[in-house]
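What follows is the residue order along each chain.
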Amino acid sequence: MTEAWEASVEAKIQDAVQRGEFDDLPGMGKPIPGRGAPYDEAWWIKSFLEREALPSDLLLPTSLQLRRRVEQVPDEVRDLPTEQAVRDFVGQLNRQIVAWLRFPDDGPRVAVRPVNTEDVVRRWRAEHTPPRFPTPTTDRAAAVAAPRRPRRTWWRPWRRLPR
């Protein structure tokens, strides 16, 4: 019975080939990706991460993910608009760290401490302080110290010369 089934499948494939249904398939004439490379047990997950454009950090254990996020805090808070947004971001990260410290998973034991919110806010403030404008008293002093240029009147350039 299996031979009859295989024969009918082969007949249908041959009919599709004659009709040209396999002519313009994507990847036709291109080499098979990974052909000739050594066998990798995690090939499917690596190809999934590449195809979906996901970061490879997702494969790390929780302790290493948290450690990496702690290192990236200055870069992540740099573009936040307000001090409260910075505090909220650091607070959420600290809650995740405390939750992991209470119930660690089976990953490597990496020292991860909560982030000091005040230090992060202080650094954020230093980067986001508006430029100081000179006070009016310094403006007056600078104006007095600067040499004055003679003022030209509007009619001088058009004045006729005597003949």
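As a reminder, the structure under discussion sits directly above these lines.
All of these numbers come straight from a predicted model, not from anything done at the bench. (Residues numbered from 1 in each chain as written. Predicted model: local features only at pLDDT ≥ 70, side-chain atom pairs only at ≥ 80, totals over all residues. Heavy atoms only, no water.)

### Some details on the overall build of the protein chain
Next up, step 1: The helix and strand inventory of the protein chain stands at 7 helices and 0 strands.
Next up, step 2: In the protein chain, the succession of α and β elements from N to C terminus is α-α-α-α-α-α-α.
Next up, step 3: With 163 residues in all, the protein chain has 13% of them scored as buried.
Next up, step 4: Long-range pairs, those at least 24 residues apart, make up 59% of the contacts in the protein chain with a sequence separation of at least 6. (Helix = DSSP H or I, 4+ residues; strand = E, 2+ residues; numbered from the N terminus. Buried < 20%, exposed > 50% of the residue type's maximum accessible area, 1.4 Å probe, protein only. Contact = heavy atoms within 4.5 Å.)

### Here we look at the layout of surface pockets
Next up, step 1: Empty space within the largest pocket amounts to approximately 230 Å³.
Next up, step 2: Every residue lining the largest pocket is listed: Pro33, Gly34, Ala37, Pro38, Tyr39, Asp40, Trp43, Lys46, Ser47 and Glu50.
Next up, step 3: Its residues assigned to classes, the lining of the largest pocket comprises 5 nonpolar, 2 polar and 3 charged. (1 Å grid on protein atoms, 1.4 Å probe; cavity = no way out; pocket = protein on both sides within 12 Å on 5 of 7 lines; lining within 4 Å. Points joined across faces, edges and corners; volume = space filled by probe spheres on them. Nonpolar A, V, L, I, M, F, W, Y, C, P; charged D, E, K, R; others polar.)

### Some words on the side chain of Ser63
Next up, step 1: The topology assignment puts Ser63 in helix 3 (residues 62-71).
Next up, step 2: Given the relative accessible area of 0%, Ser63 is considered buried.
Next up, step 3: Reaching out from Ser63, the side chain makes a polar contact with the backbone oxygen of Pro108 at a distance of 3.0 Å.
Next up, step 4: In this structure, Ser63 is in contact with Trp100, Pro108, Val110 and Val112, ignoring residues within four places of it in sequence. (Polar contact = N/O pair within 3.5 Å; in protein donor to acceptor, adjacent residues only side chain to side chain.)

### Observations regarding the nonpolar core
As a rule of thumb, soluble globular proteins bury nonpolar side chains together.
Next up, step 1: Among the nonpolar cores identified, the biggest contains 15 residues, and Val73, Val86 and Val120 are the most heavily contacted of them.
Next up, step 2: Only helix 4 (73-77), helix 5 (83-102) and helix 6 (117-128) provide two or more residues apiece to this core.
Next up, step 3: It is helix 5 that provides the largest number of residues to this core, a total of 6 residues.
Next up, step 4: Setting aside residues no more than four positions away along its own chain, Val120 makes contact with Val73, Val77, Val86, Val90 and Val115. (Core = buried A, V, L, I, M, F, W, Y, C linked by side-chain atoms within 4.5 Å.)

### Some points on helix 1 (residues 2-19)
Next up, step 1: With 18 residues, helix 1 extends 26 Å from end C-alpha to end C-alpha; this agrees with the ideal 26 Å at 1.5 Å per step.
Next up, step 2: Backbone geometry just downstream of helix 1 places Gly20 in the positive-phi region, at approximately 90 degrees. (Expected span 1.5 Å × (residues − 1).)

### Details of the pattern of salt bridges
Next up, step 1: Under the definition given, this model contains 10 salt bridges.
Next up, step 2: One salt bridge in this structure joins Glu83 and Arg87, with 3.1 Å as the shortest N-O distance. Of this pair, Glu83 and Arg87 are both found in helix 5, 4 residues apart, which corresponds to roughly one turn of the helix.
Next up, step 3: For Arg87, a relative accessible area of 25% corresponds to the partly exposed category.
Next up, step 4: The salt bridge partner of Glu83 is Arg125, with a shortest N-O separation of 3.0 Å. With Glu83 in helix 5 and Arg125 in helix 6, the pair connects residues that are 42 residues apart, well separated along the chain.
Next up, step 5: Since its relative accessible area comes to 39%, Arg125 is described here as partly exposed.
Next up, step 6: If you follow the salt bridges from partner to partner, you end up with Glu83, Arg87, Glu118 and Arg125 in one network. (Salt bridge = Lys/Arg side-chain N within 4 Å of Asp/Glu carboxyl O.)

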